[in-house]
There are 2 protein chains.
Amino acid sequence: MTMVRNTRQRQAVVQALRETHTHPDAAWIHGQVRATLPSISLGTVYRTLDALVRDGVVMTIERAGQATRYDYKHEGHGHHHVVCRTCGAIYDIPAEAVPMPASGLPQGFQVQDVRLEYHGVCTDCTRAEKRG
Amino acid sequence: MTMVRNTRQRQAVVQALRETHTHPDAAWIHGQVRATLPSISLGTVYRTLDALVRDGVVMTIERAGQATRYDYKHEGHGHHHVVCRTCGAIYDIPAEAVPMPASGLPQGFQVQDVRLEYHGVCTDCTRAEKRG
DNA sequence: GTTCTTGCAAATGTTTTGCAGCCCG
DNA sequence: CGGGCTGCAAAACATTTGCAAGAAC
């Protein structure tokens, strides 16, 4: 029987995620965690984040060619994400009405995560585009 | 002034996307398009897909470490996506109620694309997991 | 003690990019 | 003709993985 161990590394990663609201990526988290655990490897950070995602504790914002951004699911603060295609900035929108899994899901599909994302261009980047 | 050219490569990529409902990735599209344009490069396919996404003609399903999947936006067939974390299968759900950009968007943010995705595990993969 | 986890480093795979030549408009 | 497009090949990166040593329980 498998069992999940409560290692120092895991604690540190969770703590780093809880303490920020910046939707950090794995490298940033690695940097933070190094402050208390100088020898932790980036690979371990990735493996830990993966476990946290599978456990449903953390969610991700994923973009091709860009580092995945991680977001700790604070209780009672459901929200959606606004993503700037140009600079990668991520904003939160409070989840007024969380869209429940519609009927029409494939037979027996186990939903673990509902993501609502608004992709576009933020004000700053729009301005920059106009300037050419 | 920039201008978008209607090249043979672009036509072929659009056609390949229109003809399938399988949410293909760039490599698959490249293979298809080679049938009529044997010398087209994968780089061009990527550049073309990028342009189509920016034009709002095509949308993407992006997963870290996985090839991006592309989806032609057929008119009058708005839908959302169900994504299996394990095998990567993608299913469509008809967009009964498309979630409109909620109030609370950042000042001046230009929304280009609204994505609603249900991530989880499909029936087959759930079965496989149980077997161990 | 046994089993899961870590660190390290190498490998994998996707996407991007520089550049010279080509082609659309 | 001129400026965007293309093909090619070489990066650039994010993420994954194999393995021996270390840490949980």
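Not measured: the values here are computed from a predicted model.

## Observations concerning the protein's contact with DNA strand D
For step 1, the next point in the chain: By nearness alone, 19 residues border DNA strand D, and A:Tyr46, A:Thr68, B:Arg5, B:Thr44 and B:Arg47 come closest of all.
For step 2, the next point in the chain: Taken together, the sugar and phosphate atoms account for 57% of what DNA strand D places within 4 Å of the protein.
For step 3, the next point in the chain: A:Thr68 is positioned such that a nitrogen or oxygen atom in its side chain is 2.6 Å from a phosphate oxygen of DNA strand D.
For step 4, the next point in the chain: Between a sugar or linking oxygen of DNA strand D and a main-chain N or O atom of B:Ser39, the distance comes to 3.1 Å.
For step 5, the next point in the chain: Listed by contribution, the elements that provide at least two residues to the surface near DNA strand D are α3 (42-54) of chain A together with α3 (42-54) of chain B.

## Considering the packing of aromatic side chains
For step 1, the next point in the chain: Scanning the entire structure with this criterion turns up two aromatic pairs over all chains.
For step 2, the next point in the chain: Summarising the aromatic geometry, the rings of A:Tyr91 and B:Phe109 are spaced 6.3 Å apart at their centres and angled 75 degrees between planes, so their arrangement reads as edge-to-face. Taken as a pair, A:Tyr91 in strand β4 (residues 90-94) and B:Phe109 in the loop between β4 (90-94) and β5 (110-121) lie in two separate chains rather than in one.
For step 3, the next point in the chain: Note on A:Tyr91: relative accessible area 31%, which makes it partly exposed.
For step 4, the next point in the chain: The exposure class assigned to B:Phe109 is buried, which follows from its relative accessible area of 8%.

## Digging into the relation of the copies chain B and chain A
For step 1, the next point in the chain: With an RMSD of 0.1 Å, the fit of chain B onto chain A corresponds to turning through 180 degrees and sliding 0.0 Å along the axis. In symmetry terms, the pair is related by a two-fold rotation axis. It is B:Leu116 whose C-alpha, among those of chain B, lies nearest the rotation axis, at 2.3 Å.
For step 2, the next point in the chain: Here 100% of the contact residues of chain B are again contact residues in chain A; the copies associate through an equivalent surface.

## What to know about the nonpolar core
For step 1, the next point in the chain: If you look at the biggest cluster of nonpolar residues, it comprises 19 residues, and the most contacted ones within it are A:Cys84 and B:Cys84.
For step 2, the next point in the chain: Those elements giving two or more residues to this core turn out to be β3 (79-84) and β5 (110-121) of chain A together with β3 (79-84) and β5 of chain B.
For step 3, the next point in the chain: Setting aside residues no more than four positions away along its own chain, B:Cys84 makes contact with A:Phe109, B:Arg63, B:Ala89, B:Gly120, B:Val121, B:Cys122 and B:Cys125.

Rules behind the numbers
Residues numbered from 1 in each chain as written. Chains lettered and ligands numbered in written order. Predicted model: local features only at pLDDT ≥ 70, side-chain atom pairs only at ≥ 80, totals over all residues. Heavy atoms only, no water. Near = heavy atom within 4 Å. Polar contact = N/O pair within 3.5 Å; in protein donor to acceptor, adjacent residues only side chain to side chain. Helix = DSSP H or I, 4+ residues; strand = E, 2+ residues; numbered from the N terminus. Phe/Tyr/Trp six-rings, centres within 6.5 Å; stacked < 30°, edge-to-face > 60°. Buried < 20%, exposed > 50% of the residue type's maximum accessible area, 1.4 Å probe, protein only. Least-squares fit on C-alpha atoms with pLDDT ≥ 70 in both. Contact = heavy atoms within 4.5 Å. Core = buried A, V, L, I, M, F, W, Y, C linked by side-chain atoms within 4.5 Å.

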